[in-house]
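# Summary of structural features
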Amino acid sequence: MAIKPRQLQRGDTIGIVTLGSPLEANVINQGINILRNMGFQVIVGRYVYAVNGFLAGTPQQQASDLMSMFENKQVKMILPTRGGVGVASILPYLDFSVISSNPKIISGYSDITILLNALYQYANLAAFQSLMLLDFKPNTPQYNYDQFFTITTRLTAPWPINNPPGLPLVSKVPGNVTGPVVGGNLTSFVGNLGTPYEIDTKGKILFIEDTHEPVNTIYRYLNHLKLAGKFADCIGIIIGECTNCQPAYGKTFDNVIDEFIVPLGKPLIANLASAHGVFKAAVPIGVNVNMNSDSRTLTVMEPTVIN
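Everything quoted here is computed from the prediction, not taken from an experiment.

Looking now at the domain arrangement of the protein chain. Partitioning the protein chain into structural domains gives domain 1 (11-153) and domain 2 (159-300). The C-alpha-based centres of domain 1 and domain 2 are spaced at 23 Å. Taking both sides of the interface into account, the surface hidden between domain 1 and domain 2 amounts to around 2,400 Å²; carbon and sulfur atoms contribute 58%. Taken together, the links from domain 1 to domain 2 amount to zero salt bridges.

So, in structure tokens, the structure goes:
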């Protein structure tokens, strides 16, 4: 069972880090102001505003910011500003034993899911695919905040992962399985195959989403996962949205799911509102979830945080 961080409460301190690509200072400042208006204290990492081309600082600088937040006893939660690219480059500079001894809430999606899965695999820390700092803005749907605060504050289980009204989950392959969830952004973790940090799907429920990739590229990535044995190892599959994934050669994202993933025969639920979509369901990485595609339900089976 994964280590659970302590629940988030009003008045707690949130540490802000930038671990991938840079984010505009005005967007960072807006998010910080909203967090403070919600009643949280905020500590900003040394390199949060750094710009190094498509990276925010060097990998060593970004890793040092992250480690300083884990080592800071005042910090209850670590919140990346955004994803982008480059998060995998910080992994060799992390001390997972220190992280395991100082468990904290960490939330994010996109390229941040590389880190979330590594924290689960190497520090045995439950981590959350949910909001990043850039999502704390005036027009964020209440659904997204409700999901975020449920996963970071709720001390009891079970509880359902529900889509917003009018967006039903879709059952593609029947089945009823329970296990830890891993995965996230397809492009990101396919890029980590063949490294010490490649995703471990054995006995796990694999969650997949992506954005701004043509469908033929999505097919290529899915086939890479298949050849790497990741579908054979997993016990079930959850498909999120593929936002702005353009059709290619007459095929849509749904066609690829139906023609490539459905024949694998694993229990399969699709259409989870998540990550790069407007609505963002919170998905716990490393936490046991029941996936019942017969009833089209996803249920978190254990608390995601502790008192």
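Having put the structure on the table, let's press on.
The topology assignment puts Asn117 in helix H4 (residues 112-123). Taking the relative accessible area as the measure of exposure, Asn117 reaches 5% and is therefore buried. Measuring from C-alpha to C-alpha, the distance between Asn117 and Ala127 comes to 7.7 Å, with ten residues separating the pair along the chain. Every residue in contact with Asn117, bar those within four places of it in the chain, is listed here: Val182, Gly183, Ile199 and Ile285.

Turning to H4, a few remarks are in order. With twelve residues, H4 extends 16 Å from end C-alpha to end C-alpha; this agrees with the ideal 16 Å at 1.5 Å per step. Of all twelve residues in H4, ten are buried, a share of seventy percent or more. The first or second residue beyond H4 is Asn124, which carries a positive phi of 55°.

This part is about the sheet that holds strand E6 (residues 159-160). Strand order in this open sheet of eight strands is E6-E14-E13-E8-E9-E10-E11-E7, and the pairing throughout is mixed. Here the strands that pair on one side only, and so sit at the sheet edges, are E6 and strand E7 (170-173). Here strand E9 (residues 205-211) pairs with strand E10 (residues 236-243) via six bridges, running parallel. Opposite Leu206, over in E10, you have Ile237 as the bridge partner. Contacting E7, E10 and strand E11 (268-272), helix H9 (residues 253-261) crosses the sheet at an angle of about 160° to E10.

Counted according to the given criterion, the structure contains one disulfide. Each sulfur of the disulfide joining Cys242 and Cys245 lies 2.1 Å from the other. Of note, the bridge from Cys242 to Cys245 carries an S-S torsion of about -70° and is left-handed in sense. Note on Cys242: relative accessible area 12%, which makes it buried. The thiol of Cys234 is not disulfide-bonded; the next cysteine sulfur, from Cys242, is found 18 Å away.

As a further point, take the pairing of E9. A large share of E9 lies buried, amounting to seven of its seven residues. The alternating pattern of E9 places Ile205, Phe207, Glu209 and Thr211 on one face and Leu206, Ile208 and Asp210 on the opposite face, and all of these are buried. Here strand E8 (residues 176-185) pairs with E9 via five bridges, running parallel. Paired with Asn185 across the two strands is Glu209, which belongs to E9.

All told, the structure shown has six salt bridges when counted by the stated rule. Across the pair Lys4 and Glu302 runs a salt bridge whose closest N-O atoms are separated by 2.8 Å. Here Lys4 is found in the segment before strand E1 (13-17), whereas its partner Glu302 is found in the segment after strand E14 (297-300), with 298 residues between them in sequence. Note on accessibility: Lys4 and Glu302 belong to one class, buried. Residue Glu259 is joined to Lys251 by a salt bridge in which the shortest nitrogen-to-oxygen separation is 2.9 Å.

Right, let's get into the pairing of strand E3 (residues 75-80). Among the six residues in E3, six count as buried, and that is most of the element. In this sheet, E3 lies alongside E1 in parallel orientation, the contact comprising five bridges. Paired with Thr13 across the two strands is Val75, which belongs to E3. Pairing geometry for E3 and strand E4 (residues 105-108), over two bridges, is parallel. Bridging across to E4, Met77 finds its partner in Ile105. Handedness of the crossover joining E3 and E4 through helix H3 (residues 96-101): right-handed.

Scoring rules and cut-offs
- Residues numbered from 1 in each chain as written.
- Predicted model: local features only at pLDDT ≥ 70, side-chain atom pairs only at ≥ 80, totals over all residues.
- Heavy atoms only, no water.
- Domains from an automatic or database assignment.
- Buried area = accessible area lost by both parts, 1.4 Å probe.
- Salt bridge = Lys/Arg side-chain N within 4 Å of Asp/Glu carboxyl O.
- Helix = DSSP H or I, 4+ residues; strand = E, 2+ residues; numbered from the N terminus.
- Buried < 20%, exposed > 50% of the residue type's maximum accessible area, 1.4 Å probe, protein only.
- Contact = heavy atoms within 4.5 Å.
- Expected span 1.5 Å × (residues − 1).
- Pairing = 2+ DSSP bridges.
- Axes fitted to C-alpha atoms, helices over the stretch in contact; angles between N-to-C directions.
- Disulfide = S-S within 2.5 Å.
- Right-handed = clockwise from strand over helix to strand, strands pointing away.

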